[in-house]
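Architecture and fold: a report
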Amino acid sequence: MKNKRILSWIMTMGIVIAGMEVCAGCKKGEVIVPDSTRFDVDFNAMDTYMTLTAYGKNAESGLEKAKTRIQEVEGIFSVTDENSDIYKINHRETEQIAISDEVMNVLGEALTISERTSGNFDISIYPVLREWGFTTGEYQVPEESVLQELLQKVDYTKISVDSDEKTVTLADGMEVDFGAIAKGYSGDMAVAALKEAEVTSALLNLGGNIQALGEKPDGSSWNVAIKDPVFTSEYMGVLSVKDKAVITSGGYERYFEDRDGNTWSHIIDPSTGYSADSGTMSITIVGTSGMEADALSTAMYVSGIEKASEYWKTYGGFDMVIITKEEEVYVTEGIKEDFTLMGNYKDKQVHIIEK
Ligand code: AMP
Ligand code: MG
């Protein structure tokens with residue numbers, strides 16, 4: 001009788017409870033969560049809309065922890081929040097600024113990729129980005145002389161980290177922005193929170209940055225679609241992945257059109273101060289670290305297909321899908337079996353980049 005009442009109470013809980021079973025022979029009221037039971041949370045963070053999905057035991061509480069962790073990372077890396085660590089760096093009163101291990105870790109990765117790309121990736125691009133209006137939405141094409149002046153402040157080699165003292169020093173007038181890497185890092189942290197909660201199957205969509213934990217409850221791979229960079233409500237291909245981050249950078253993600261009809265995107269080439277124009281429409285990175293995949297997607301987009309291929313051959317540890325301005329598709333050999341064209345790209349040829 002009592003069990004019946006518990007069961008009817010559970011039934012009235014609706015969709016969240018759907019799929020759960022009362023555990024015969026277990027403690028009173030205890031429930032088994034089948035591996036396929038799905039939970040979702042969605043929210044806005046880091047200037048984007050995020051949807052986190054997890055399955056099975058502890059999925060619901062794990063998702064709450066993952067969401068909290070993402071919000072914490074947002075609080076640390078925001079350029080506008082006066083309490084953020086990055087705001088404190090940009091509005092410093094002393095030359096040397098104390099930083100947390102967390103900031104040091106992400107800064108270290110950013111500087112490594114800057115060095116490896118000879119500055120195509122550079123978090124000190126911020127003053128230039130602001131002049132274009134990408135930080136406020138009040139867009140303008142800056143005067144060439146203004147850009148040249150601001151570019152004097154853009155130089156990752158003038159950011160020095162003291163890992164013993166846990167401090168960072170920047171040259172006068174420099175400002176940094178982690179917009180190309182922090183979202184990827186937050187994906188890693190969300191996955192870590194889910195793992196800590198013993199969740200083994202989850203798919204996180206952080207505004208198009210995808211982070212897959214484990215595999216689907218049925219043991220198959222996750223299917224992650226890549227946007228068509230021209231018809232952006234459509235998809236050009238699908239990747240089959242397990243335990244990977246899939247992160248795309250493309251000029252179509254954020255841009256504005258000037259009076260002459262020229263489009264300017266939010267990814268800036270630090271060697272010119274203008275939007276990167278290296279012949280690619282989008283570059284997707286597939287890797288185990290969301291932080292690295294995020295930084296690399298931006299870095300490789302600025303670098304272009306030839307330098308990106310060189311980078312991949314030299315350092316490896318990730319894969320890429322590249323769509324050129326001619327709408328040619330290039331895929332590194334590590335994922336050639338896991339990638340399928342679709343939509344407007346269905347009948348195209350996939351060029352394989354080999355070591
Ligand atoms: P993503 O969408 O990951 O490619 O990151 C784009 C964001 O990275 C921009 O909105 C800027 O905040 C920042 N950014 C733009 N150009 C660069 C660059 N060359 N190096 C590092 N960060 C950049
Ligand atoms: Mg990025």
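Since the model is a prediction, treat every value here as computed from it, not as a measurement.

Another point: the packing of aromatic side chains. Applying the stated criterion to the full structure yields 12 aromatic pairs. Consider the rings of Tyr-55 and Trp-222, whose centres lie 6.1 Å apart with planes at 35°: the pair is tilted. You can see Tyr-55 sitting in strand S4 (residues 48-55) and its partner Trp-222 sitting in strand S10 (residues 222-227), a full 167 residues away along the chain. Considered together, Tyr-55 and Trp-222 belong to a single accessibility category, that of buried residues. Aromatic pair Tyr-139 and Phe-256: ring centres 4.7 Å apart, planes at 5°, arrangement stacked. Of the two residues, Tyr-139 is situated in the loop between helix H5 (126-132) and helix H6 (144-151) and Phe-256 in strand S13 (residues 255-257); the sequence distance between them amounts to 117 residues. Among the residues examined, Tyr-139 registers a relative accessible area of 33% and is labelled partly exposed. Grouped by ring-pair contacts, the aromatic residues Trp-132, Phe-134, Tyr-139, Phe-256, Trp-264 and Tyr-274 constitute a single cluster. Note that Lys-348 overlies the ring of Tyr-345, its terminal NZ or CZ placed 5.6 Å from the centroid.

Attention now moves to the coordination of the magnesium ion (ligand 2). For the magnesium ion (ligand 2), every protein donor is listed as Ala-180 (O), Asp-294 (O), Asp-294 (OD) and Thr-298 (OG1), and the spread of their distances is 2.1 to 2.6 Å. Here the donor residues of the magnesium ion (ligand 2) are spaced in sequence according to A-x113-D-x3-T. Residue Asp-294 and its partner Thr-298 are located together in helix H8 (residues 290-303), separated by four residues, close to a single helical turn. Accessibility expressed as a relative area gives 13% for Thr-298, which makes it buried.

Turning next to the packing of helix H2 (residues 59-77) against helix H7 (residues 182-196). For the pair H2 and H7, interaxial distance at closest approach is 8 Å and the crossing angle is 150°. As summarised for this structure, H2 and H7 are arranged roughly antiparallel, according to the angle between their axes. Considering the relative orientation of H2 and H7, their crossing is right-handed. Along the contact surface, H2 presents Gly-62, Leu-63, Lys-65, Ala-66, Arg-69, Ile-70, Val-73 and Phe-77, while H7 presents Ala-182, Tyr-185, Ser-186, Met-189, Ala-190, Ala-193 and Leu-194. Here the contact of H2 with H7 is built from residues that sort into 11 nonpolar, two polar and two charged.

Attention now moves to the pairing of strand S7 (residues 167-170). Residues Thr-167 and Thr-169 line one face of S7 and the alternating positions Val-168 and Leu-170 line the opposite face, and both faces are buried. Pairing of strand S5 (residues 96-98) with S7 involves three bridges; the strand directions are antiparallel. When the sheet's bridge partners are listed, Ala-98 is paired in S7 with Thr-167. Relative to S7, strand S6 (residues 159-162) is paired through four bridges, and the arrangement is antiparallel. Looking across to S7, one finds that Ser-160 is bridged to Thr-169. Taking the residues that link successive antiparallel strands as the turn, the S6-S7 hairpin has four residues, and the phi of Lys-166 there is positive, at about 55°.

Rules used throughout
- Residues numbered from 1 in each chain as written.
- Chains lettered and ligands numbered in written order.
- Predicted model: local features only at pLDDT ≥ 70, side-chain atom pairs only at ≥ 80, totals over all residues.
- Heavy atoms only, no water.
- Phe/Tyr/Trp six-rings, centres within 6.5 Å; stacked < 30°, edge-to-face > 60°.
- Helix = DSSP H or I, 4+ residues; strand = E, 2+ residues; numbered from the N terminus.
- Buried < 20%, exposed > 50% of the residue type's maximum accessible area, 1.4 Å probe, protein only.
- Lys NZ or Arg CZ within 6 Å of the ring centre and 35° of its normal.
- Donors = N, O, S within 2.8 Å, 3.2 Å for Na, K, Ca; no water.
- Axes fitted to C-alpha atoms, helices over the stretch in contact; angles between N-to-C directions.
- Parallel < 35°, antiparallel > 145°, perpendicular 65-115°, else oblique.
- Left-handed = near helix turned anticlockwise from the far one by under 90°.
- Contact = heavy atoms within 4.5 Å.
- Nonpolar A, V, L, I, M, F, W, Y, C, P; charged D, E, K, R; others polar.
- Pairing = 2+ DSSP bridges.

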